[in-house]
Structure formats: C-alpha cells, structure tokens
Amino acid sequence: MTLLASARPVRERFVGPAIEAEHLVKRFDDLTAVDDVSFTVPQGSVLGMLGPNGAGKTTTVRMMTTLSRPTSGTARVAGHDVLADPEAVRRSMGLTGQAATVDEFLTGRENIRLMGALYGLSRRAIAARADQLLERFTLTEAGDKVVKDYSGGMRRRLDLAVSLIAAPHVLFLDEPTTGLDPRSRSELWEVLRELVSDGTTLLLTTQYLEEADQLADRIVVIDHGRVIAEGTALELKDQSGKAALVVTVSHADQLEAARALLAAHVAEVHVDIAARQLTAPAEGLTDMTRIARVFDGSEIVLDDLGLKRPTLDDVFLHLTGRRAEPQADDIEEPR
Amino acid sequence: MTTTTLDTATTESLTITPPSLRRQVRTMVWRNLKHIRRMPEMLADVTIQPIMFVVLFAYVFGGSISTDSTSYREWLLPGIMAQTMTFSCAIVALGLTADLNKGIVDRFRSLPISRASVLIGRSVSSLIHSSIGVVVMAVTGLVIGWRIRGGVGEALLAFGLLLLFGFAMIWVGIVSGSLLKSPEAVQGVMFTVIFPVTFLANTFAPTEHMLPALRVIAEWNPISSLVQAMRTLWGNSPPAGPEAAWPLHHPVLMTVVWSVGITVVLAPLAVRAFNRRTTD
Ligand SMILES: Nc1ncnc2c1ncn2[C@@H]1O[C@H](COP(=O)(O)OP(=O)(O)O)[C@@H](O)[C@H]1O
Ligand SMILES: [Mg+2]
C-alpha cells in the first residue's frame with residue numbers, strides 16, 4: 001500500500017473529534033465575516049467547507065489554525081483549544097493556505113528542509129522525508145530547482161508536501177485546487193484520498209461543488225459567514241428536492257402523445273419542446289422501471305430515459321438563490 | 001504521480017520536538033542568507049551603492065569640500081559606513097513586508113515556534129548583510145587612502161559602535177516593515193525620509209558651514225555622533241571644534257546613548273506593531 005502518512009510520529013493519541021468549531025464569530029469592524037459557525041469533524045474523516053468567494057472560509061480556517069483570534073467562540077484541534085493552548089494546536093496540525101506560501105527563492109528541497117527544521121525534526125529525518133515527499137509529489141527532478149521557476153501546479157504540490165513534513169494528524173487545506181487545471185486537480189485529489197486512507201483528518205475549503213462531492217464525507221455549506229446547510233453530499237441533494245425522471249423522445253411529433261401517456265402515470269409533467277424532453281418528479285428507481293415499461297408497450301420511440309439526481313449546484317441554488325461556482329474571472333492564479 | 005511508500009524506518013525520528021530558539025533563529029538566518037546567495041544583487045545596497053557614493057563624493061565633490069583633516073577621502077569613509085549601516089533599517093523592513101505580503105510569516109506562525117524567531121532571524125541576517133557592506137567599504141577605503149591610525153582597541157570599538165547603531169536601526173526597520181503594506185511603500189519612505197537624514201549630518205560635509213539651525217540639527221543627529229566617534233577612534237579627523245554641539249564632543253558616549261535610547265523606545269513599539277499586523 002502507498003502510505004503517505006505512514007511515517008506518522010508516535011505522538012500523543014487523543015480521544016474525541018479531530019476538529020471542533022464552537023460558535024466561532026469573527027468581526028472586522030462592522031463586517032461579521034464569520035457568524036456563529038459550529039461543526040465537528042470526526043477523526044479520519046474529511047469535512048468540505050463549501051462556499052462562494054467572501055463566504056468566510058479563510059477566516060474560519062485562520063481561527064482554527066491559531067492565525068486569527070476569534071471575536072467569540074473557540075475551536076479545538078486534536079483535542080487542544082486554539083485559545084488555551086495554541087502551541088499544542090500548531091504541533092498537531094498542518095496548514096496549506098489559500099495562496100501557495102512556499103519560499104520562491106529556495107529550492108523545493110530547501111523549502112521542505114526549512115519547515116522540517118522549524119518543526120524540530122532531526123537532520124537525518126528531514127533528508128529522508130524530503131526525498132519521499134518530493135518523489136510522492138513528482139517533484140524529484142525539480143527538487144533542486146528554485147521555486148521561482150515552478151508552475152502553479154508544482155507550487156501547489158510543493159506547498160502540500162511542505163505541510164506534510166511532520167506527518168500531521170489534522171490537515172487544513174484552504175482552496176487547495178483553486179486555479180489548477182483539471183489534471184493537476186485530480187492528481188491532487190488522488191494524494192488527498194491517500195492521506196485520508198492513512199487516517200489523516202482533512203478540512204478543506206472549496207468553491208467547487210465537484211470537489212466537495214468527490215472528497216468530503218460531510219459538507220458544511222457556508223454563505224455570508226453562516227452555516228446554511230450541513231450533511232453528506234447525498235443528504236444535501238435530498239434536501240433540495242427529489243430526483244427527476246427525464247424522458248427524451250426521438251421524434252418531435254410524438255412529444256404530445258408521450259406527454260399524455262406520462263401524465264396518466266405521474267402527478268406532474270414538465271415539457272421542454274426544443275430538447276424533446278419530459279421531466280417528472282420521481283421517487284427513485286422503481287418509478288423509473290415502472291415508466292420504462294409503460295413506454296415499452298407503446299408506439300413511442302425514446303432516445304433516452306433516466307433518473308436525474310440534483311447536483312450540489314442545484315443544492316446551492318436552492319439554499320441561496322445563487323449559483324456557487326466561481327466565474328472564470330474569479331479564479332485567482334496561485335502565485 | 002508516482003507511487004512511493006514512505007519509509008516507516010523514519011517513524012521514530014519524526015517526533016516533533018519544538019526546536020530551541022537558537023535553532024529557530026539559525027534556520028531563519030540560513031533561509032535569509034540563501035536569498036542573498038540566490039540574488040547577490042540584493043547586496044548592491046551595501047556594496048555598489050556605497051562605492052558609488054565614495055567615488056562621487058571623493059572624486060567629484062571632493063575638491064570643493066574642505067575638511068580639517070588632510071585627506072577628504074579618509075574623512076569621508078566613516079560617513080559612508082555610517083550611512084550604509086543606517087540603511088539596515090531598509091533591509092529589515094523590505095524583508096519583513098515581503099514575507100508578510102507573501103503569507104510566509106503566516107506559515108511560520110502556524111508552526112510550533114516562537115513568533116520572535118521571525119524578527120530575531122531578520123535582525124541577525126540584516127546585521128550580517130550590513131557587515132558584508134562594512135567589509136567591502138573598509139577594503140574600498142584602504143584602496144583609496146583611508147587608514148586606521150589609532151590603536152587596535154579603539155579601532156575595534158569603532159566597529160562595535162557601528163554594529164550597535166545597526167542594531168538600533170533594526171527596530172526602525174521592524175516598525176516600518178510592520179506598518180507599511182508593501183515593499184514599494186517601504187522603498188518610498190526610506191528614500192524620502194531616511195536618505196535625507198543620512199545627509200543632514202557630518203557624513204559627507206563638515207557641519208561648520210551649514211546654516212546655524214541646520215547645523216544644530218545635524219550635530220544632534222545620531223548619525224553624526226556615530227561618524228564623529230569612528231573618525232576620532234580611527235584617527236581620521238581631529239576632535240570637533242569648540243563651537244560644535246555637545247554630542248560631537250562626546251561622540252562615543254552619545255552613540256551608545258542614541259543606540260540604546262532608540263532601541264528602548266522602539267523595541268516595544270516594533271513588537272506591538274508586528275504583533276498587530278500578524279494577529280488577523
Ligand atoms: N483582515 C480582514 N479585514 C477586514 N475584512 C476582512 C479581512 N479578512 C477577510 N475579510 C472579509 O471577510 C469576509 C470573508 O472573507 P474570507 O474569509 O476571506 O472569505 P472566503 O475565504 O470564503 O473567500 C470577506 O467579506 C472579506 O472581505
Ligand atoms: Mg478564502
């Protein structure tokens with residue numbers, strides 16, 4: 001097995017959740033950036049914090065990682081209170097901030113060495129670990145090059161590698177894939193899954209619904225500093241309405257006949273003439289097979305018949321009345 | 001990505017033992033010195049720039065500036081050294097704002113280390129940076145005719161005072177680096193404030209011929225005390241004339257007083273400004 005975190009140091013074990021946020025509030029002058037945010041992340045699981053730009057994700061992460069002092073409320077990481085024992089929190093977690101914060105005038109290897117030394121690891125352990133991390137993140141060749149010459153994706157990978165130097169129990173990732181191309185993104189997801197399978201607890205913020213859907217065990221949807229929904233991806237999708245049955249008719253002249261037939265079996269039918277599509281609410285697969293049989297016994301020729309579950313995008317639209325996905329020009333290029 | 005098994009043999013040695021403050025500072029300094037090695041042009045401010053000043057003043061204006069000592073070039077050199085050391089504050093401030101802006105300081109703050117190590121590391125590196133300049137200046141000086149004419153003890157005392165003054169300047173740098181938002185702003189402030197201050201002194205021309213009001217300011221300028229102390233200790237100029245202000249008659253004492261005074265006043269402000277800048 002590929003065990004990225006297998007070199008986890010023998011460190012104090014702890015009981016209880018890996019991360020707990022308790023009524024976190026952060027005010028900047030008259031702006032309430034984070035407004036009474038609470039959640040719990042069990043050990044070994046992944047929490048996705050989903051929200052649009054300016055929702056308060058970064059501010060929440062900064063409070064949980066001791067970088068910013070909550071106006072009120074508190075948080076615990078690996079059992080340590082961020083206010084009472086920030087030092088212990090820093091020992092048990094790793095953080096990859098929103099902008100890649102590697103030193104661009106050092107080489108990749110030197111960046112890892114820098115952080116390793118600041119964690120107090122032995123010189124030998126750092127050297128061995130650096131080799132492993134560089135290899136794991138396909139940076140072996142670039143390891144002795146100055147980071148200034150790295151691409152955005154390489155910087156992100158190095159940034160993550162650097163956060164893993166001390167094999168932390170809990171990892172905070174603030175928009176780890178924003179600005180990455182789809183390939184780099186799925187590569188990074190791969191590494192994150194591997195970390196999780198080794199028992200690392202992950203909190204990641206994202207603006208991408210797909211990312212939350214792919215990686216997170218539970219999702220907290222945050223908007224204007226408030227938690228507006230929480231649950232598994234499936235639960236959230238269920239909240240925003242049931243699935244729909246979508247029937248696509250082959251010939252436009254059969255659309256009306258198909259509508260009449262469908263209407264006899266379901267409560268409500270929506271017609272999209274241009275797409276030759278009929279949509280009806282459905283409970284699940286049994287509804288679909290029942291309707292399939294109805295059409296099977298008719299003259300009507302179908303292109304497609306399927307069950308459409310709501311996407312997280314629908315969920316967000318349902319919750320806030322807005323779309324969550326960032327517009328192309330919102331995407332910041334990591335430096 | 002490749003598939004690698006992370007070696008479990010390192011498990012024991014990965015134990016986090018928060019490093020001693022010394023190791024933290026050593027690591028920070030290592031990083032900053034790497035920067036200088038990667039970008040030797042960073043040293044221009046303590047090498048090319050002062051050499052340029054030496055050439056400009058010694059050879060271009062030198063003929064028209066009269067000093068009591070025999071050679072203007074010899075008289076000039078301690079002035080250039082003091083100016084170079086004063087610019088330590090710019091080195092510290094630039095490094096600090098750059099790290100703050102790039103989120104590097106936040107990264108350090110998320111580690112189990114002392115927040116002070118960032119500042120101490122910066123300070124030590126900047127003193128090393130300036131010291132490289134002092135060595136370059138001294139060599140340049142020896143080439144153009146500057147000599148140490150006093151004893152060894154006095155000569156070392158002069159270098160010690162120079163470093164002490166550099167230490168005081170570091171706090172100026174931390175205050176400005178924490179208050180100003182960008183390297184450009186730091187550069188602007190340094191050029192419009194610190195640069196003229198290094199001229200409003202006895203660095204490049206004797207104060208005797210200045211307007212009376214300016215002369216008082218120049219002679220009470222801490223930089224003048226330092227320059228006068230170095231000139232006296234190195235034997236590069238006779239003692240100040242009877243009409244000179246009090247500090248120039250006690251330059252060694254006053255350099256110490258100024259350096260300690262600036263440190264005592266600015267250090268708490270600097271730490272407060274830095275903490276405030278890094279709290280949210
Ligand atoms: N240091 C700060 N001072 C003032 N306002 C801030 C500060 N940091 C963040 N904000 C504001 O708080 C809100 C939440 O920001 P942020 O947490 O960065 O959101 P997100 O990470 O979800 O995009 C935004 O309106 C932002 O402008
Ligand atoms: Mg953010």
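Values in this document were obtained by computation on a predicted structure and should not be read as measured data.

## Points about the overall build of chain A
Item 1. Looking only at helices and strands, chain A has 11 helices and 14 strands in total.
Item 2. With the principal axes as the frame, chain A shows a C-alpha extent of 75 × 45 × 40 Å.
Item 3. By the burial criterion, 56% of the 335 residues in chain A qualify as buried.
Item 4. Of the contacts formed within chain A by residues at least 6 apart in sequence, a portion of 70% connects residues at least 24 apart.
Item 5. Split by element, the accessible area of chain A, about 14300 Å² in all, is 49% carbon and sulfur.
Item 6. Between the centroid of the 38 positive side chains of chain A and the centroid of its 51 negative side chains there is a distance of 6 Å.

## Digging into the overall build of chain B
Item 1. The helix and strand tally for chain B stands at 12 helices and 0 strands.
Item 2. Each helix and strand of chain B, ordered N terminal to C terminal, gives the series α-α-α-α-α-α-α-α-α-α-α-α.
Item 3. Within chain B, buried positions represent 53% of all 280 residues.
Item 4. Within chain B, residue pairs in contact and separated by at least 24 positions form 81% of the contacts whose partners lie at least 6 positions apart.
Item 5. Taken as a whole, chain B presents about 12000 Å² of accessible surface, with 70% of it coming from carbon and sulfur.
Item 6. In chain B, 21 positive and 14 negative side-chain charges are present, and the distance between their average locations comes to 7 Å.

## Describing the coordination of the magnesium ion (ligand 2)
Residue and element names in this part refer to chain A.
Item 1. Listed as protein donors to the magnesium ion (ligand 2) are T58 (OG1) and Q98 (OE1); their distances from the metal cover 2.0 to 2.2 Å. Separated by 40 residues along the polypeptide, T58 in helix α1 (residues 57-64) and Q98 in the loop between β6 (93-96) and α3 (108-118) bring together distant segments of the chain.
Item 2. Looking at T58, the relative accessible area reads 27%, which means it is partly exposed.

## Notes on the domain arrangement of chain A
Item 1. Taken domain by domain, chain A consists of domain 1 (19-237) and domain 2 (242-309).
Item 2. Using only C-alpha atoms to locate each centre, domain 1 of chain A and domain 2 of chain A end up separated by 45 Å.

## Things to note about the sheet that holds strand β13 (residues 277-281) of chain A
All names here are of chain A.
Item 1. The 4 strands are arranged β12-β13-β11-β14 in an open sheet whose pairing can be described as antiparallel. Looking at which strands have only one partner, the edges of the open sheet turn out to be β12 (270-272) and β14 (302-308). For this sheet, the mean inter-axis angle between neighbouring strands, taken without regard to orientation, is 15°.
Item 2. Sheet contacts for helix α9 (residues 255-263): β11 (244-249), β12 and β13; angle to β13, the most-contacted strand, approximately 10°.

## Some points on the pairing of strand β10 (residues 226-231) of chain A
All names here are of chain A.
Item 1. Both strand β9 (residues 218-223) and β10 contribute to a ladder of 5 bridges, which runs antiparallel. Bridge pairing links I222 to V227 in β10.
Item 2. A loop of 2 residues connects β9 with β10, the two strands running antiparallel in sequence, and H224 in this loop sits at a positive phi of about 50°.

## Observations concerning the nonpolar core
Item 1. Residues M81 and F108 of chain B are the most contacted members of the largest nonpolar core, which totals 115 residues.
Item 2. Per-element accounting of this core gives the leading share, 12 residues, to helix α7 (residues 152-179) of chain B.
Item 3. Once you skip the residues sitting within four places of it in the chain, F108 of chain B turns out to touch L114, M115 and L118 of chain A together with M28, R31, I113 and V118 of chain B.
Item 4. Ranked by size, the runner-up nonpolar core spans 28 residues in total, among them V61, V77, A78 and V89 of chain A.

## Remarks on the pattern of salt bridges
Residue and element names in this part refer to chain A.
Item 1. Using the criterion set out here, one finds 28 salt bridges over all chains in the structure.
Item 2. With its nearest N and O atoms 3.5 Å apart, the salt bridge here joins K57 to E175. With K57 in helix α1 and E175 in the loop between β7 (170-174) and α6 (182-197), the pair connects residues that are 118 residues apart, well separated along the chain. This pair shows no difference in class: K57 is buried, exactly as E175 is.
Item 3. Here R109 ties to D144 by a salt bridge, and the two come within 3.1 Å at their closest N and O atoms. Separated by 35 residues along the polypeptide, R109 in helix α3 and D144 in the loop between α4 (123-136) and α5 (152-163) bring together distant segments of the chain.

## Some words on the site of ligand 1
All names here are of chain A.
Item 1. Every residue close to ligand 1 is listed here: F28, L31, A33, P52, N53, G54, A55, G56, K57, T58 and T59.
Item 2. A distance of 2.8 Å is found between an oxygen atom of ligand 1 and a backbone nitrogen or oxygen belonging to K57.
Item 3. One of the side-chain nitrogen or oxygen atoms of T58 is found 2.7 Å away from an oxygen atom of ligand 1.
Item 4. Compared with its free state, where it exposes 560 Å², ligand 1 has 62% of that area covered by protein.
Item 5. Secondary structure elements with two or more residues in the shell around ligand 1: β2 (31-41) and α1.

## Some details on the packing of α7 of chain B against helix α12 (residues 251-277) of chain B
Residue and element names in this part refer to chain B.
Item 1. In contact at an axis separation of 8 Å, α7 and α12 are set at 25° when each is read in the N-to-C sense. As far as their axial angle goes, α12 and α7 are roughly parallel. Considering how the two elements wind past one another, α7 and α12 form a crossing that is left-handed.
Item 2. Each residue belonging to the contact of α7 with α12 can be placed in one class, and the counts come to 22 nonpolar, 5 polar and 1 charged.

Cut-offs used in this document
- Residues numbered from 1 in each chain as written.
- Chains lettered and ligands numbered in written order.
- Predicted model: local features only at pLDDT ≥ 70, side-chain atom pairs only at ≥ 80, totals over all residues.
- Heavy atoms only, no water.
- Helix = DSSP H or I, 4+ residues; strand = E, 2+ residues; numbered from the N terminus.
- Buried < 20%, exposed > 50% of the residue type's maximum accessible area, 1.4 Å probe, protein only.
- Contact = heavy atoms within 4.5 Å.
- Areas by Shrake-Rupley, 256 points an atom, 1.4 Å probe, with all protein chains shown as cover.
- Lys, Arg positive; Asp, Glu negative; His and termini not counted.
- Charge placed at Lys NZ, Arg CZ, Asp CG, Glu CD.
- Donors = N, O, S within 2.8 Å, 3.2 Å for Na, K, Ca; no water.
- Domains from an automatic or database assignment.
- Pairing = 2+ DSSP bridges.
- Axes fitted to C-alpha atoms, helices over the stretch in contact; angles between N-to-C directions.
- Core = buried A, V, L, I, M, F, W, Y, C linked by side-chain atoms within 4.5 Å.
- Salt bridge = Lys/Arg side-chain N within 4 Å of Asp/Glu carboxyl O.
- Near = heavy atom within 4 Å.
- Polar contact = N/O pair within 3.5 Å; in protein donor to acceptor, adjacent residues only side chain to side chain.
- Parallel < 35°, antiparallel > 145°, perpendicular 65-115°, else oblique.
- Left-handed = near helix turned anticlockwise from the far one by under 90°.
- Nonpolar A, V, L, I, M, F, W, Y, C, P; charged D, E, K, R; others polar.

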